[in-house]
Amino acid sequence: MVINLSFMAVERPYYYELRPYLSALAGVPLTDTAIRSADRGDVTGIIELMTGAMPWPGFPHEGSKMDFWQWRYGRNPRGFTNEVIADCGGRVCAHAASLPTDLIIGGAVHRGAQCSDLLTREDMRNKGLMDRAVLMLRQLNKSRGIEVEFAFPSAAGEKVLRKAGFVDLPVNMGHYELIADPDRFFRDVRYGGLKKMAYRGLRTLKGDRARRDPDVEVYESVVFPDDIERMVLRFEKAFTFVLRRDVEYLRWRYSDPRGGKFRILFARRGPSTAGLIVLRPYSVEGRTYMDIVDLVAEVGDEGAIGALVSSAARVCREIGSTIMQMWLPSDHPYLPDLGRAGFLHRQTGSEERTMKLLFRPLDDSEEIMSSLKGGLQCHLVLGDTDWV
């Protein structure tokens with residue numbers, strides 16, 4: 001709705017004094033809302049929008065909110081990031097961005113971009129601002145040579161992205177958990193003794209415990225070893241859809257404390273790196289939890305996977321957490337090994353956010369979509385999302 005003020009015989013200063021009141025009556029801003037690419041001068045307004053709606057980014061990191069924004073949008077090793085805002089008379093009232101992320105689809109590397117931080121100011125919702133922002137984001141991504149867009153959206157973001165042509169990939173994400181300290185865990189729940197017995201019985205039915213490989217050593221470090229990419233390349237070959245993990249990406253994603261506080265464990269067999277696991281401890285209402293945000297090892301290397309999970313469970317107990325959780329596709333080839341290590345499928349509560357992958361090819365869609373036909377072996381974890 002636009003209010004025509006040309007009939008009002010008032011001088012310019014009085015007109016501007018009346019604008020806030022007329023805007024409130026109309027329920028819309030009187031100034032035109034511009035959908036445009038963000039620039040450095042918009043950063044403070046973007047951060048105000050984010051922090052005004054939620055505890056953005058929602059997890060511990062080193063430095064200020066500005067430091068986090070600069071890490072996410074200014075230091076990505078893939079280069080550029082695209083940010084689009086709705087400028088409502090000089091105020092940022094909506095934001096949509098994309099993070100450049102290389103994807104391996106059907107064995108070929110494609111330039112991808114993950115939609116991130118989609119948010120509209122509460123009083124400006126349901127006015128189509130995000131629809132327009134996502135459309136402009138697509139145009140910017142195409143101009144930068146992006147072939148595929150993807151997202152792990154909230155319920156509100158999912159509605160917008162589906163309208164924009166995003167579709168589901170045929171992958172069902174499962175939430176899995178391991179009780180790292182059964183004695184303490186069941187001591188704190190009602191009928192803990194009976195539930196502990198039932199848990200032990202279920203563990204027996206799931207099969208033997210993970211078999212240990214005496215040649216595998218696990219150590220903790222923030223420095224990625226020189227041969228990490230050789231191991232990652234062998235890991236990637238097992239999947240038809242996986243985010244590319246070269247060493248520059250891994251360092252940016254997990255070793256910079258401005259982007260989050262992670263603990264990284266590496267498995268080594270002799271002189272060679274055999275795998276890695278990335279942990280994120282966090283607290284909710286005084287209780288400590290642990291997420292596995294990434295796990296990389298060759299499919300079938302039960303020794304490396306088992307050693308990494310066992311060491312991660314030890315870290316979990318050391319920080320006072322009884323539970324370790326992770327997201328994986330429900331048909332992931334790691335699941336038999338993880339089951340032997342103690343992981344069980346966890347039913348997600350009705351109020352909890354579920355992980356869903358939406359996908360939109362921008363160029364050569366027939367080639368990309370045909371490479372996904374005939375079965376999709378997908379590796380997706382929490383660290384692949386902008387949730388952490």
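Note that this is a predicted model, so its numbers are computed, not measured.

Q: Before we move on, can you summarise the pattern of salt bridges with the specific residues and values?
A: Under the defined criterion, the tally for this structure stands at 26 salt bridges. Glu302 is paired through a salt bridge with Arg340; the nearest N and O atoms lie 3.1 Å apart. Of this pair, Glu302 sits in helix α10 (residues 302-318) while Arg340 is found in helix α11 (residues 335-341), placing the two residues 38 residues apart along the sequence. Relative accessible area serves as the criterion here: at 13%, Glu302 is assigned to the buried category.

Q: Kindly report on the sheet that holds strand β14 (residues 344-346), identifying the contributing residues and their values.
A: Across the sheet, seven strands lie side by side as β8-β10-β11-β12-β13-β7-β14; this open sheet has mixed pairing. At either margin of the open sheet sits one strand with a lone partner, and together these are β8 (216-220) and β14. Each strand of the sheet is rotated relative to its neighbour by a mean of 30°, with strand direction disregarded. One ladder, built from five bridges, connects β8 with strand β10 (residues 263-269); its direction is antiparallel. Residue pairing across strands places Tyr219 opposite Phe266, the latter belonging to β10. Strands β10, β11 (272-284) and β12 (287-297) of the sheet are contacted by helix α8 (residues 228-236), whose axis makes an angle of about 85° with β11. Sitting on the sheet, α10 touches β7 (173-179), β8, β10, β11, β12 and β13 (323-329), and the angle it makes with β10 is about 145°.

Q: Help me get a handle on the pairing of strand β4 (residues 108-120), residues and values and all.
A: Looking at chain direction, strand β3 (residues 91-105) and β4 are connected through eleven bridges and run antiparallel. Pairing of Asp102 across the sheet is with Arg111, part of β4. The loop that links β3 with its antiparallel partner β4 comprises two residues; one of these, Gly106, has a positive phi angle of about 60°. By the bridge criterion, three bridges tie β4 to strand β5 (residues 148-151) in an arrangement that is parallel. Bridging across to β5, Gln114 finds its partner in Phe150. Traced from β4 through helix α4 (residues 129-143) to β5, the parallel crossover comes out right-handed.

Q: Tell me what's going on with the packing of aromatic side chains, and back it up with residues and numbers.
A: One pass over the full model with this rule turns up 15 aromatic pairs. Consider the rings of Trp69 and Tyr73, whose centres lie 6.0 Å apart with planes at 45°: the pair is tilted. Here Trp69 pairs with Tyr73, and both are found in helix α3 (residues 65-74), just four residues apart, close to one helical turn. Of the two residues, Trp69 and Tyr73, neither departs from the other in class, the shared state being buried. An aromatic cluster of three or more residues is present, and its members are Trp56, Phe59, Phe68, Trp71, Tyr249 and Trp252. Between Arg280 and the ring centre of Tyr282, over which it is positioned, the NZ or CZ distance is 4.6 Å.

Cut-offs applied
- Residues numbered from 1 in each chain as written.
- Predicted model: local features only at pLDDT ≥ 70, side-chain atom pairs only at ≥ 80, totals over all residues.
- Heavy atoms only, no water.
- Salt bridge = Lys/Arg side-chain N within 4 Å of Asp/Glu carboxyl O.
- Helix = DSSP H or I, 4+ residues; strand = E, 2+ residues; numbered from the N terminus.
- Buried < 20%, exposed > 50% of the residue type's maximum accessible area, 1.4 Å probe, protein only.
- Pairing = 2+ DSSP bridges.
- Axes fitted to C-alpha atoms, helices over the stretch in contact; angles between N-to-C directions.
- Contact = heavy atoms within 4.5 Å.
- Right-handed = clockwise from strand over helix to strand, strands pointing away.
- Phe/Tyr/Trp six-rings, centres within 6.5 Å; stacked < 30°, edge-to-face > 60°.
- Lys NZ or Arg CZ within 6 Å of the ring centre and 35° of its normal.

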